[in-house]
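# Geometric and topological summary
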Amino acid sequence: MSMREAIARFVEDGDSVVLGTFMEAKIPFSAGHEIIRQGKKDLTLVAPISDMLFDQLIGAGCAAEVRAAWVGNVMMGSAYNFRRACEQGKPRPIRVTDYTNFTMALALQAGAWGVPFLPTLSTFGTDLLKRNPSLKSFACPLTGKPLVAVEALRPDVAVLPVQRCDELGNSHSWGNWGITLEASRASRKVLLVTEEVVSTEVIRSDPNRSWLPGFLVAAVVHEPWGCHPSPVQGYYNRDHSAYQEYHRETKTEEGFAAWSKRWVHGVRDRAEYMEQLGADRARSLRVRQDAFAHPTNFGF
Amino acid sequence: MSMREAIARFVEDGDSVVLGTFMEAKIPFSAGHEIIRQGKKDLTLVAPISDMLFDQLIGAGCAAEVRAAWVGNVMMGSAYNFRRACEQGKPRPIRVTDYTNFTMALALQAGAWGVPFLPTLSTFGTDLLKRNPSLKSFACPLTGKPLVAVEALRPDVAVLPVQRCDELGNSHSWGNWGITLEASRASRKVLLVTEEVVSTEVIRSDPNRSWLPGFLVAAVVHEPWGCHPSPVQGYYNRDHSAYQEYHRETKTEEGFAAWSKRWVHGVRDRAEYMEQLGADRARSLRVRQDAFAHPTNFGF
Amino acid sequence: MVVAAGREIADGEVVFVGMRLPLLGFLLAKETHAPRAVGLYENGVIRDLPASEFLVTMSDPPNVKGASVCTDMLDVMGLLQQGRVHLGFLGAAEVDRYGNLNSTQVRGNPGWIRLPGSGGACDIASLSQRFVVIVEHERQRLPARVSYCTSPGFGEGGDWRRRTGLPWGGPAAVITTRAILRFDGESGEAYLASVHPGSSVEEVRWQTGWELKVAPDVTQTPPPNQEELRIIRRYDPEGFWTS
Amino acid sequence: MVVAAGREIADGEVVFVGMRLPLLGFLLAKETHAPRAVGLYENGVIRDLPASEFLVTMSDPPNVKGASVCTDMLDVMGLLQQGRVHLGFLGAAEVDRYGNLNSTQVRGNPGWIRLPGSGGACDIASLSQRFVVIVEHERQRLPARVSYCTSPGFGEGGDWRRRTGLPWGGPAAVITTRAILRFDGESGEAYLASVHPGSSVEEVRWQTGWELKVAPDVTQTPPPNQEELRIIRRYDPEGFWTS
């Protein structure tokens, strides 16, 4: 399925959408850009951090709410669209529900396990606990001691990049997991964005690297370079300069409009985005030295 | 470290010990047999199921309590020492605290996460909930609806078999996980029993297959065939006949004494046990056809 | 029983398979009317392809090799608790009028006989969308009330599950060596739905520990056909589970 | 600041490293006095070997390759909540008299300036055995009381953490561009422990938003030696974090 079709069919106005579950790696930028091109509205954006992708969706006016632990540009610090939306209501006001990384992960794990909450010791004494209505202190039913209940999140859609995947949605992913496992189980629909399509036999050859049963997957989008400028282990590296350029170019609304015109609205899809980026720059991000995992025998 | 030294140093009378976290695979029989030889007393045995290992420890009089979801011989059904201990107090009475597989996993996950309990919807309306004091119903602090609180378990020792491991306790494990991940984090001490010792570079070549940081490991025991008659994926298959023989031979206390004399007290260690088993039988259990995982590139 | 178990599975369903007869029923269903059914195992294995060899336990290496996913128990149990599992199969030492199961202890002479316990049975009975029980049909195994409730059926009947804290689920059928019982949607009480060839309504009622109601349209269970028998022999060539 | 951060790490400790200066401090400690220290990252990476290349983020491929373990956030946060993490490093926009941190919003002119938020900072401040703050030393960044408490220090002082529900932990030091502050064990209030070369007690007190107490034995922070500078240059060759 093309990214255009997947976003059109599976992301509706008003949905809550998880984007950026692997932390700074494997961020589904191409899915985010397609959401912007299709002008989706009133989304609730969910992730611990999304690096600069949330800032782009906020700047495009797609988001009504952000549920996150950190919104910005990891390399550069604050991001300007997020600040403009919070401080000046531009291009539209947004609600911000502040989590911590851990409480975001627990909220999704509660959703994944089908329980209304999970308990934690984190956030006591903070303004996060006071202001986020999804965090509530209560007395432990066994010890009587105080705990914080983190309310379950059940997002409508999770967009999850993987390195390789079969047509049925069975996939392999490697590198740091972040909150991907719980997000995949907690969400009503999962869109997989894969660098490569492989045979089912490849996936079945290593069931421990296969992390999500195909029956939970709504659609598979084959989208090479779908995560640029974030990295995909074994495929391409992080394009640090893209984060610096974005920071420099989006200080003003006009700057963001120009940036969007060039990288989002000015291209039809990820293939055109990569043309825009140029073959030399892509080549410079490619894996320079392979490093294969030691062989593992599943025989019997 | 030898199994003898590891059990002598790290398992004390009265400890709670997790054995058999991978369900029917990778059960640390050699560790159990060493516990019997050293005459450890008053242990609390913890696992969802242990296949027939718990029955052996109970028959040897090592256990004061069992916290489990299922105790028996998976292939054959009931196990006789467990029945004798429960029904006749022989060789000594034991307390049995009945869990379900899920509540056992949650109890250890609560221990792993450092919270006093985790909530579930399972066990409502059952006699397990009435009789196991570690399960308690309570009202959800957010919805007011009933939930069951599963009290955290923090066992003293977990004995966890792996396929390969370095000298520092960094290891690779593959196949079904059962409750291994949570048991490894919940327990105060982890003893790894490994089929093979490899270099640290092998482990670092595949950090996603590496599942337990070495700083949580108290000791590494290199013990080939340490799990026989249970299987180790990629190394040897399940010796079904051993489970049938055990079932046939341990119907009476005398029968269990004879079995123990031959397989536990009559051998000094796992090497002698394997001599007793015979090279032909071992050979018949070896992997007949290799099946290697598809290559995975961690390069950049 | 294997064939009847297989017929309970609809195509595309997610099924907690277990071992022994239900596993064979699952494999049979996959090869006939339910090719897209997916099997979950409590040890963490998720498969959509049958194992290439006979299995004694769910953790046997042939069940791991070629699995779709190898994960942990909490993960599959979490999917169960979320309501994503359509069907679970369970055995038991006792099943009662409301489909409650006992696999923990039964009355002996004297005292109690200790059984292995729940394993995952209680979780599956609590949390799957529906479950099917497989049991030998003898009077003492189908008492009016289980002597220990390991796994909840419809409890005391009616809306007991919801009142007790179980938001959905319950038994859909009891497949015995003599018959198939199903459950009344209102009262939660078991009734006789079909009788296997070679048995009779009278025999089934005599071998049941309460006044078993009989469906007005009670039928004979269709016997296995040749194709079904062939498939079963392939997966259990030595008749380990089916002889 | 990097060197001072590195000196806070004892050998064999498990450390939530973060990025930027603390990461460099961690690498420095590993190569000098704390070779057996282990680094945890919130994204799920656990490393006992430095990455072979310069890192901008903790999820950069060089941080994954050669890691000891690649796991998920809940796993490392679970170890943190269990009390297994000795030390965490944090930055902040504001740090106050009791070591409370603000990284969510600060007063602007007019209204509020929105900052990125907690990330894992609140979790690390809540749950590590001790934490160390790294901050630029300017009067408006060290107010008497943070305008928003993102990450708990000693709250209002005394036994506030235990009363509030935090069973252990708290700030051990604030490393600034001018000085090192430490905390009184009873009152939980920060005091001046050492002044960096080039600064003075008076300047530090002037640049602090409350009446900063001064240790009777206040010293000068020892400057980095040649070896330490060499190691820092190796890991941050272009001075991205340290220029």
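Calculation criteria
Residue numbers here run from 1 along each chain, matching the order of that chain's written sequence. All chains are assigned letters beginning at A, and all ligands numbers beginning at 1, according to the order in which they are written. Only residues with pLDDT of at least 70 get local features here, since the model is predicted, and only at 80 or more are side-chain atom pairs given and counted; chain-wide, interface and lining totals rely on the full set of residues. The basis for every side-chain value is the complete set of non-hydrogen atoms in the structure, without hydrogens or water. Secondary structure elements are taken from DSSP: a helix is a run of H or I of four residues or more, a strand is a run of E of two residues or more, and numbering for both begins at the N terminus. Throughout, radius of gyration means the C-alpha value; the globule benchmark is 2.2 Å times the number of residues raised to the power 0.38. Contacts: residue pairs with any heavy atoms within 4.5 Å of one another. Areas reported as accessible are Shrake-Rupley estimates using a 1.4 Å probe. Residue values count occlusion only from the protein chains shown. Note that His is not counted, nor are the chain ends; the positive residues are Lys and Arg, and the negative ones are Asp and Glu. A charged residue contributes its charge at one atom only: NZ of Lys, CZ of Arg, CG of Asp or CD of Glu. Only protein chains enter the accessibility calculation, which uses a 1.4 Å probe; a residue is then buried when its area is under 20% of its type maximum, exposed when over 50%, and partly exposed in between. Once two parts are brought into contact, the accessible area they lose, counted with a 1.4 Å probe and summed over both, makes up the buried area. One speaks of a salt bridge when a side-chain nitrogen belonging to Lys or Arg is within 4 Å of a carboxyl oxygen belonging to Asp or Glu. What qualifies as a polar contact is a pair of N or O atoms within 3.5 Å, subject to a donor-acceptor requirement within protein and to the restriction that residues adjacent in sequence count only when both atoms come from side chains. A pair of strands is labelled paired if DSSP reports no fewer than 2 bridges between them. Orienting the strands away from the viewer, one traces the path from the first strand over the helix to the second; a clockwise path indicates a right-handed crossover. Note on geometry: axes are C-alpha line fits, over the in-contact stretch for helices, and angles between N-to-C directions span 0 to 180 degrees. Relative orientations are named as follows: roughly parallel for angles under 35 degrees, roughly antiparallel for angles over 145 degrees, roughly perpendicular for angles from 65 to 115 degrees, and oblique for any other angle. Crossing handedness is read from the near helix: turned anticlockwise from the far helix by less than a right angle, it gives a left-handed crossing, and turned clockwise, a right-handed one. Charged means Asp, Glu, Lys or Arg here, nonpolar means Ala, Val, Leu, Ile, Met, Phe, Trp, Tyr, Cys or Pro, and polar covers whatever is left, Gly included. pLDDT: the predictor's confidence for each residue, scored from 0 to 100. Domains are outlined according to an automatic or database domain assignment.

## With respect to the overall build of chain C
Counting its secondary structure elements, chain C contains eight helices and 14 strands. In terms of overall size, chain C behaves like a compact globule, its C-alpha atoms giving a radius of gyration of 17 Å where 243 residues would be expected to give roughly 18 Å. Summarising its shape, the C-alpha atoms of chain C cover approximately 45 × 40 × 40 Å along the three principal directions. Excluding contacts between residues fewer than 6 apart, the proportion of contacts in chain C whose partners are at least 24 apart in sequence is 64%. Within the structure as shown, chain C displays about 8,700 Å² of accessible surface, and the carbon and sulfur contribution to it stands at 50%. When the 24 positive and 28 negative side-chain charges of chain C are each reduced to one mean point, those points stand 1 Å apart.

## Some points on the overall build of chain A
Regarding its fold elements, chain A presents 12 helices and 11 strands. In terms of C-alpha radius of gyration, chain A reaches 19 Å, essentially the compact-globule figure of 19 Å for 300 residues. Across its three principal axes, chain A shows a C-alpha extent of roughly 60 × 60 × 35 Å. When the 300 residues of chain A are sorted by exposure, 69% land in the buried category. Across chain A, every contact between residues at least 6 apart in sequence was considered, and the portion connecting residues at least 24 apart equals 73%. Approximately 9,300 Å² of chain A is accessible, and the part contributed by carbon and sulfur atoms is 48%. Charge separation in chain A, taken as the distance between the mean sites of 34 positive and 33 negative side-chain charges, equals 4 Å.

## Some points on the interface of chain A and chain D
At the junction of the two partners, chain A supplies 54 residues and chain D supplies 47 residues. Both sides together, the interface formed by chain A and chain D hides about 3,900 Å², and carbon and sulfur atoms give 61% of it. A per-residue breakdown of the area chain A buries against chain D is headed by Phe102(A), Leu121(A) and Gln233(A), which together make up 15% of the total. If you look at where chain A meets chain D, you find three salt bridges. With a closest N to O distance of 2.7 Å, Arg114(D) and Asp98(A) form a salt bridge. For the interface between chain A and chain D, the tally reads 24 residue pairs in polar contact (both at pLDDT 80 or more). Of all elements in the fold, only α4 (80–88), β4 (95–98), α5 (101–113), α6 (127–131), α7 (180–186) and α9 (240–249) of chain A reach the threshold of two or more residues within the side of chain A that touches chain D.

## Structural notes on the pairing of strand β1 (residues 16–19) of chain A
Residue and element names in this part refer to chain A. Burial of β1 is two-sided: the residues Ser-16 and Val-18 facing one way and the residues Val-17 and Leu-19 facing the other way are all buried. Across three bridges, the pairing between β1 and strand β2 (residues 43–47) is parallel. Looking across to β2, one finds that Ser-16 is bridged to Thr-44. At this point the chain moves from β1, through helix α2 (residues 29–37), to the parallel β2, and the crossover so formed is right-handed.

## Points about the side chain of Arg84(B)
All names here are of chain B. Assignment of secondary structure puts Arg-84 in helix α4 (residues 80–88). For the buried residue Arg-84, which engages in no salt bridge, the nearest side chain bearing the opposite charge is Glu-253, 5.2 Å off. A polar atom in the side chain of Arg-84 sits 3.1 Å from the backbone oxygen of Thr-250. Not counting residues within four places of it along the chain, the set of residues in contact with Arg-84 comprises Gly-89, Lys-90, Thr-250, Lys-251, Thr-252, Glu-253 and Phe-256.

## Quick word on the packing of helix α2 (residues 20–31) of chain C against helix α8 (residues 226–235) of chain C
Residue and element names in this part refer to chain C. For the pair α2 and α8, the least separation of the axes is 10 Å and the interaxial angle reads 125°. Between α2 and α8, the angle falls in the class oblique. Between α2 and α8 lies a crossing of right-handed hand. Within the contact between the two elements, α2 uses Leu-24, Leu-27, Leu-28 and Glu-31 and α8 uses Glu-228, Ile-231, Ile-232, Arg-234 and Tyr-235. Of the residues that constitute the contact of α2 with α8, the class distribution is six nonpolar, no polar and three charged.

## Quick word on α2(A)
All names here are of chain A. For α2, a buried count of eight out of nine residues is recorded, marking the element as mostly surrounded by other parts of the structure. Taken together, the buried positions of α2 are Phe-29, Ser-30, Ala-31, Gly-32, His-33, Glu-34, Ile-35 and Ile-36. Looking one or two places after α2, you find Gly-39, whose phi comes out positive at around 65°.

## Topic: the sheet that holds strand β10 (residues 130–135) of chain D
Residues and elements named next belong to chain D. Pairing within the open sheet is mixed, and its 10 strands lie in the order β4-β3-β2-β1-β5-β10-β11-β12-β13-β14. Sheet topology places β4 (69–70) and β14 (213–220) at the edges, where each strand pairs with a single neighbour. Bridge analysis of strand β11 (residues 171–176) against strand β12 (residues 179–183) gives three bridges, and the strand direction is antiparallel. Within β12, the residue paired with Ile-175 across the bridge is Ile-180.

## Observations regarding the interface of chain A and chain C
With 23 residues of chain A in contact, the opposing surface of chain C contributes 24 residues. When the area that chain A buries against chain C is broken down by residue, the three leading residues are Arg204(A), Phe215(A) and Phe300(A), summing to 37%. Taken together, the links from chain A to chain C amount to two salt bridges. With a closest N to O distance of 2.6 Å, Asp75(C) and Arg185(A) form a salt bridge. The interface formed by chain A and chain C contains 11 residue pairs in polar contact (both at pLDDT 80 or more). Sort the elements by how many residues they give to the side of chain A that touches chain C and α5(A) lands first, with three residues.

## Considering the confidence of the model for chain C
Mean pLDDT over chain C works out to 95, with 100% of the residues at or above the 70 mark. Across the interface, the model reports ipTM at 0.97; the global pTM reads 0.98.

## Re the pairing of β14(D)
All names here are of chain D. Bridging between strand β13 (residues 190–195) and β14 involves four bridges; their strand directions are parallel. Its bridge partner being in β14, Ser-194 is matched across the sheet by Thr-219. As a crossover connection, the stretch from β13 through helix α7 (residues 201–206) into β14 is right-handed.

## Details of unusual backbone geometry
A cis amide bond links His228(A) with the next residue in sequence, Pro229(A), at an omega value of 10°. If you check the backbone angles, Thr123(B) has positive phi at about 80° while not being a glycine. Inspection of the secondary structure puts Thr123(B) in the loop between β5 (117–120) and α6 (127–131). Exposure remark for Thr123(B): the relative accessible area of 0% places this residue in the buried category.

## Quick look at the domain arrangement of chain A
Each domain of chain A was delimited in the assignment, giving domain 1 (3–99 + 154–285) and domain 2 (117–151). Computed from C-alpha atoms alone, the centre-to-centre distance between domain 1 of chain A and domain 2 of chain A is 30 Å.

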